[in-house]
Amino acid sequence: MALVINGPYSDSGHEDEGHPERPQRVVAAMAAVADLRLGSDLVVAPSYSASRAELVRVHNGNYLDELGAFCYAGGGNIDPDTYATLDSWTIAQYAAGAGLKVIEELQRRKDGVGFVAARPPGHHALADRAMGFCLLNNVAIAAAALLSQGERVLVLDWDVHHGNGTQQIFWDEPNVLYVSTHQWPLFPGSGSVIEIGGRHATDRTVNIPLPPGATGDVMRRAIDEIAHPVIDSFKPTWVLVSAGFDAHRDDPMADLRLTSGDFAMMSEFVTTLVEGPGRVVFFLEGGYDLRALRSSILATLSAALGQAHEAETPSNGGPGNDQVERLHAARQSAIETRWSAEDTETTQ
Amino acid sequence: MKPFQSIAVGYDGSPDSTIAVRWALRAAQEADASVTIVHATGLLEHLRTRYSPDELPPELLSLAQQYDFDESRLRWLVTNGDACSVLLRMASAPVNADTLVVGSRGDGKREGLLLGSTSLEVAEHATIPVVVVPSTYKDGAA
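Residues numbered from 1 in each chain as written. Chains lettered and ligands numbered in written order. Predicted model: local features only at pLDDT ≥ 70, side-chain atom pairs only at ≥ 80, totals over all residues.

A. The overall build of chain B, seen in detail. Helices and strands together make up the secondary structure of chain B, namely 4 helices and 5 strands. Overall, chain B shows an N-to-C arrangement of helices and strands of β-α-β-α-β-α-β-α-β. Counting every position in chain B, which comprises 142 residues, the buried fraction comes to 42%. Considering only contacts within chain B whose residues lie at least 6 apart along the sequence, 77% involve residues at least 24 apart. (Helix = DSSP H or I, 4+ residues; strand = E, 2+ residues; numbered from the N terminus. Buried ≥ 20, exposed ≤ 12 C-beta atoms within 10 Å, placed from the backbone. Contact = placed C-beta atoms within 7 Å.)

B. Quick look at the pairing of strand β3 (residues 74-80) of chain B. Residues and elements named next belong to chain B. Of the two faces of β3, only the one carrying Leu 74, Trp 76, Val 78 and Asn 80 is buried; Arg 75, Leu 77 and Thr 79 on the other face are not. Where strand β2 (residues 34-41) lies against β3, 7 bridges are found, and the strand directions are parallel. Pairing of Thr 36 across the sheet is with Arg 75, part of β3. (Pairing = 2+ DSSP bridges.)

C. Examining the sheet that holds strand β5 (residues 113-116) of chain A more closely. All names here are of chain A. Strand order across the open sheet formed by 8 strands is β2-β1-β5-β10-β9-β6-β7-β8, with parallel pairing between neighbours. Single-partner strands in this sheet number two, and they are β2 (42-45) and β8 (205-210). The sheet shows a mean angle of 15 degrees between the axes of neighbouring strands, direction not considered. When strand β1 (residues 3-6) meets β2, the two strands line up parallel, connected through 4 bridges. By the bridge assignment for β2, Leu 3 is matched with Leu 42. (Axes fitted to C-alpha atoms, helices over the stretch in contact; angles between N-to-C directions.)

D. Expanded view of the environment of Phe 187 of chain A. All names here are of chain A. Here Phe 187 shows up in the loop between β7 (176-183) and β8. Note on Phe 187: 29 C-beta atoms within 10 Å, which makes it buried. A C-alpha to C-alpha distance of 9.3 Å links Phe 187 and Val 160, two positions 27 residues apart in sequence.

E. Summary view of the environment of Glu 105 of chain A. All names here are of chain A. Within the secondary structure layout, Glu 105 lies in helix α4 (residues 88-109). Spatially, the C-alpha atom of Glu 105 lies 7.4 Å from that of Val 4, the residues being 101 residues apart in sequence. When near neighbours in sequence (up to four residues on either side) are disregarded, Glu 105 contacts Val 4, Val 43 and Ala 45.

See the structure below:
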């Protein structure tokens, strides 16, 4: 099976010395792609800058104008976490376009697996605000494009941080299902299990908060018991993965204990969620330990492509197993409360 | 209009946020209100912790003493998120603030920068009154 990746585009201009979100991350990601030794099964979709029309499906026009103007004026710190440089606006538009081009190529081929190795990452970016290293919400821009074609999109976010931007953008959208596993408590503070979607999209947001130290077995059980039934009932036609690798045990930004083997298992699972080939795309989000990032991406893509690969042993035995049932019950209760409130409104 | 009962004020260690805390303590003192000083823990703070959630930073303790502020009405809260989202959450339980207070410019911001301005974002999205304290504010106690 072919792997479709985005074409090369220099992101070296988006760098703040000493900041963990740095160009070397994409170098590590591309090294993982090279490790796959795919030969002619590696397909490169040309680099492309997303148009304003594609961006405003997700972002507020004034925000885009402000961000562009800020970068052209030389950039600086947007908040204590998030920076932009003179080149960041151009680079961010190419990062957003990368997902769109990879999807276009998958649609043309009707086959393959997509991987978008572009930065800055996106899942914290809100409709009208940059935050958490993110300027434009790449995965949301891709999901919105698919939505405009009548598709039903599952965004599965396994970055260690909750993708508050993606959740906010599709909060009330019934044709996008947002599923997130993340450490909690942790930045950005959102992602409670009782956040279930807006009034027009009840049960279209599934949050699985995991305690520090949680391992892959806990994550898999929680996904299986809480998210899997919702995904089955949603019947996605595309799966976009916000593939952050900062839940790896070696990553300095958080405290989950996953291994590359866990990412391989998650990746295998993802490919079972949609019917037909050519409908799964992985978007690089976080992941700041370059060695862990490379090995985790290699494990993820190998599994998605059905290639044999010896990844690290999947992790187990961490805390959180005893919380899964309680999380599930709390979520069900939030859904029932919503339905019951709506019934009351209808009968009044 | 009801006087203040519960004031939440953002603090990031910058001079402007210190001025905001001063204003909040003064206003709360006069209204017999409680004050929650809240620090938003960003992504990068996982790498280098700045504030303990269990202990009011000494500079704030000293401010509270300067105003002779009753410590039982003072709460220190360190919570995950960007400053804007964290402050907006203060209007809900458990803090249930009726007023948000912010400095005019936070940590690391460039003068005149609109993008990323916590005070503007908070003012735009808040459901309760917001006080933006100018960096030139002087209350006579300084």
